[in-house]
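# Coordinates in review
Each chain is listed here by its residues.
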Amino acid sequence: MVDHTLLDAIGHNLTAPMPLFFALGILATLLRSELKVPDALYIGLTLYLLGAIGLHGGAEIREVGITAIWMPIVACFLLGSLIPIAGYFILRYMGKFSIHDSAAIAGHYGSVSAVTFAVATQFLSSLQVKPEGYLSAFLAILEPTGVVVGILLARIALQVEVRQQGELAGAVKSRAGWIRPVLHEALTGTGSIILLGALAIGYISGPDGIAVTKPFFGDLFKGVLCLFMLEMGLVAGRRLAEVKAVGAFLIAFAICMPIIDGTIGVLVGGFVGLSVGGATMLGVMAASASYIAAPAAMRISIPEANPSFYLTASLGITFPFNIAMGIPLYFWLAKILFGS
Amino acid sequence: MPMEKAVLVTIITERVMEPTLINLVEHAGAQGYTIEDVASGWGKHGSRTGQIESDQSFKMLLIVSKSVAQLILQEVERILQPDYEVMAYQHEIEVQSRAPAQPEA
């Protein structure tokens, strides 16, 4: 492992191709370029990335055995539940956001971004740091957990308010009751099916399966991720215009929340016995906010929440922050805390 | 050529509401529908860039009787209008009648 200060790590990260392609996407939007990644290609890239991530994770779980990873799984589940609860109270009582907005935004932070995860694995591998490969299975746990906890928070808070203020139950009867379609969506949506499916396929086919698919799912991964980051830059770039409109509190939240969550994730990772790389990855997962599955689920379940708040926070601020600064920061923390 | 009177109902709404809307029109008695992707658009709720699922729209076309059209539009008003971006309208149209099935010899 190369010895790095925080600044070295950030510098090393910012000169890697993935963040640079992301920056190119943002730049293209700011220049009003006509650059566009076709929809069908975008879906194809998503399938590829999640398929590759899942295959590796599944094969690795088979290697170490499910019984060896139950502690990190429990820790991951707790993280996914506690992060949105903390986020909710910060937004509701410090930020004075409505119940709906607080719960919807908090749910995004409990959920996870697979792309941030993928970029972090490339960052670590460029430093010759190897995290536990089975961690990608945690994406499948964290993604729905955060969303469901966010929706439950909205539901409970609304019931408490009705009881306290004696409002007509009908007046606040929100779609927050719509948890079944959300669970269905969370487990059968494009992303979940391909990730869960690839995990299972990786588990069943094992290292041999990885070997035969390596030319496609292994060697091309970095290049595909670059193209995907370009598209993410285009999407995030459009959100930047709305950043000013969401207010100073949410901007601060979208930067501080990942730092706090990431630090907790690194600490928890270290305590359950993950390596420096593994603790970094758990930090990255805790810090990242969903911007694909969660917005769709929240739109269905908490339509009263303003999408421009949660999309701008997670996609316009937290995602770029994590890509540029967050990933090297969590690595640096893991290294000074748990590196020998 | 024999023509029948019917109503063409068009509903444009958010992509995430697709399963809900399908359920709604089936319960209202629609015999079929066509769904088209809407690339992007702009309205009083702001632009819909169509880049991620929560930001996409779609258009549903249905050819139904007058009474079914009315029921569908009422249900759209009740279930979708309060919380979602939705645009619904109808045209009175004439549809080519289907030739009656020939009894098998």
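Position numbers for residues start from 1 in each chain and track the written sequence from start to end. Both sets of labels track the order of writing: A upward for chains, 1 upward for ligands. Residues qualify for local features only when their pLDDT is at least 70, as the model is predicted, and side-chain atom pairs are given and counted only at 80 or more; totals for whole chains, interfaces and linings, by contrast, use all residues.

On to the overall build of chain A, then. Helix numbering and strand numbering both begin at the N terminus, where a helix is a DSSP run of H or I of at least 4 residues and a strand a DSSP run of E of at least 2. Helices and strands together make up the secondary structure of chain A, namely 14 helices and 0 strands. Listing the helices and strands of chain A from first to last along the sequence gives α-α-α-α-α-α-α-α-α-α-α-α-α-α. Computed over the C-alpha atoms, the radius of gyration of chain A is 19 Å, within 12% of the 20 Å expected from 2.2 N^0.38 for a compact globule of 340 residues. A buried classification covers 52% of the 340 residues belonging to chain A. We call two residues in contact when the distance between their C-beta atoms, placed using the backbone, is within 7 Å. Restricting to contacts in chain A with at least 6 residues of sequence separation, those with at least 24 account for 86%. Every radius of gyration here is taken over C-alpha atoms, with the globule rule written as 2.2 Å times N^0.38, N being the number of residues. Using C-beta atoms placed from the backbone, we call a residue buried if 20 or more other C-beta atoms fall within 10 Å of its own, exposed if 12 or fewer do, and partly exposed for counts in between.

Now for the environment of G277 of chain A. Residues and elements named next belong to chain A. Summarising the element assignment, G277 is placed in helix 12 (residues 276-287). When the C-alpha atoms of G277 and T121 are compared, they prove to be 8.7 Å apart, with 156 residues separating the residues in sequence. Those residues within four positions of G277 in sequence are excluded, and the remaining contacts are L124, V129, K130 and P131.

Here we come to the confidence of the model for chain A. The score called pLDDT rates the predictor's confidence residue by residue, from a low of 0 to a high of 100. Residues at a pLDDT of 70 or more form 95% of chain A, whose mean pLDDT is 90. Contacts of residues 168-172 of chain A to residues separated by more than four positions or lying in other chains number 5 contacts, the stretch itself having pLDDT below 50.

Looking now at unusual backbone geometry. Located in the positive-phi region is K96 of chain A, a residue other than glycine, with phi close to 60 degrees. Mapping K96 of chain A onto the fold places it in the loop between helix 4 (70-94) and helix 5 (99-110).

Right, let's talk about the sheet that holds strand 5 (residues 57-64) of chain B for a bit. Residues and elements named next belong to chain B. Between any two strands, pairing holds if DSSP finds at least two bridges. The antiparallel open sheet is built from 4 strands, whose spatial order is 2-5-1-6. The sheet terminates laterally at strand 2 (34-38) and strand 6 (86-96), the two strands that pair on one side only. Taken pair by pair, the neighbouring strands of this sheet meet at an average axis angle of 20 degrees, ignoring direction. With 11 bridges connecting them, strand 1 (residues 3-14) and strand 6 associate as antiparallel partners. If you follow I11 over to strand 6, its bridge partner there is A88. An axis is simply a line fitted to the C-alpha atoms; with a helix, the fit covers only the stretch in contact. Between two such axes, the angle follows the N-to-C directions and lies from 0 to 180 degrees.

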